Amino acid sequence: MTEFDYDIAIVGGGLAGLTAAIQFRMRGYSVIVFEKKSYPFHRVCGEYISMESWHFLIDCGLDLPSMQLPAIKKLQVSAPNGNLFTADLDLGGFGMSRFKLDHLLYLRAKALGVEMREGQQVDHFFYEDGMYRISMGQDSFKVRLALGCFGKRSNIDLHWKRDFTLDKKNALNNFVGVKYHIQTDFPDDTIALHNFANGYCGLSKIEDDKYCLCYLTTAGNLQNNGGIKEMERAVLFRNKHLRRTFESSTFLMNQPVSIAQISFDSKDVVFKKVPLAGDACGMITPLCGNGMSMAMHGGKIFVHLADQYLQNQISLIEMLHRYEREWNRHFSRRLRIGRMVQSHFGKAWQTNWFISIMKTLPALSKKIIRSTHGTPF
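Cut-off values and rules
Every chain is numbered on its own, with residues counted from 1 as its sequence reads. Given that the model is predicted, a residue must reach a pLDDT of at least 70 before its local features are reported, and side-chain atom pairs must reach 80 or more before they are shown or counted; all residues, however, enter totals for whole chains, interfaces and linings. The side-chain numbers reported here are obtained from all heavy atoms of the structure, hydrogens and water having been left aside. Among the buried residues, those of types Ala, Val, Leu, Ile, Met, Phe, Trp, Tyr and Cys that are joined through side-chain atoms within 4.5 Å form a nonpolar core. Per-residue accessibility, obtained with a 1.4 Å probe over protein chains only, is compared with the maximum for each type, and a residue is labelled buried under 20%, exposed over 50%, and partly exposed between these values. Put simply, DSSP marks the helices as runs of H or I at least four residues long and the strands as runs of E at least two long, and each gets a number from the N terminus on. Working rule for contacts: check all heavy atoms of both residues, and any pair within 4.5 Å makes them a contact. In this scheme, strands are said to pair when DSSP sees at least two bridges between them.

Caption draft 1: Representation of the nonpolar core. Judged by nonpolar contacts, the single largest core of 77 residues is most densely connected at I10, F24, F125 and L145. Per element, the largest residue contribution to this core is 11 residues, and it comes from helix α9 (residues 291-310). Apart from residues no more than four positions distant in its own chain, L145 is found in contact with D7, I8, A9, Y132, F302, A306, Y309, L310, L316 and M319. By size, the runner-up hydrophobic cluster in this structure holds 19 residues, among which are I182, A192, F196 and V235.

Below, the structure is given as structure tokens:
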């Protein structure tokens, strides 16, 4: 009989990976998590979290009510020409940096007995002969079940030659993300989405009287303007709301956090019998819903089905089929809407027109906003 090193291995310690690890450990399984960086660290992220995941995070062991986090109930969207649309968010969300949230989940996982392997990158990860095998340098592991949560673009994606890594550059697969933490004068209860040529920038409050300023744009915008600062002045500042924010705020980081080669192309939920969660299986555009909540919800769906497999109630193949089906049932429509909107946002005349329509048709705007938020899970 095969001896396994762990019941569960999770490759990638973001929100999907950490919350899945916590859930598995709470069910009594032995769990190891591999994360190439060392906690705590920053990630490029808008850091607005939909209220759909509030009770889930509490169930994972975080005392959110005691943290006095900003409650976000309103939305501002500006067009490149400065035209501004405002609306209420029915469900709303709260603000917390990934630096803090990931670190709290990491500490919670360790306290529960999850084995954390930080600061080392997984080299190989595959299913073979009835088990999952993971290698990292000189170390190798055999586990009963594994989950890939390795983010937007990984060396594992390249090793597997996943389709999106081979596609030619197009309107959905060559983006750059940039994030700052700032202090600024902006309402605590509002999230802003300011559009500019070939991109958009989010602004919302997080903990400790700080704000997250995070934008997404094309690699071409960056290349054509010589660098981040030059691009901001030449492109983002054309939106008067962004210019005012940049010029009147105190920037708290010496350098922004950035990431390149972001792809919003569709991805497999299961690849060669390896289940995936979070950005690894469906990179979530900021315009299709709250990516952090979707990642955690996907992990929760997987844990429930994986538990049935590990208890010998269903086969591995049946578990993977059910997981893929449930993942698509919950998220495919949000992703599809997001990719459609994503392909048009940043085109000046289209965005200007879209904001004008949103202002004159409140029922339509309410429906679109509602489609970007799920329900509590």
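Having put the structure on the table, let's press on.
Caption draft 2: Layout of the pairing of strand β11 (residues 190-196). When you tally the buried positions in β11, you get seven out of seven residues, the bulk of the element. Of the two faces of β11, the one holding T190, A192, H194 and F196 and the one holding I191, L193 and N195 are both buried throughout. For strand β4 (residues 71-78) and β11, the ladder comprises five bridges, and the chain directions are parallel. Looking across to β11, one finds that S78 is bridged to H194. Pairing between β11 and strand β12 (residues 199-205): five bridges, direction antiparallel. Each bridged residue has a counterpart across the sheet, and for A192 the counterpart in β12 is L203. Here β11 hands over to β12 after two residues, with N198 in that stretch at a positive phi of 65°.

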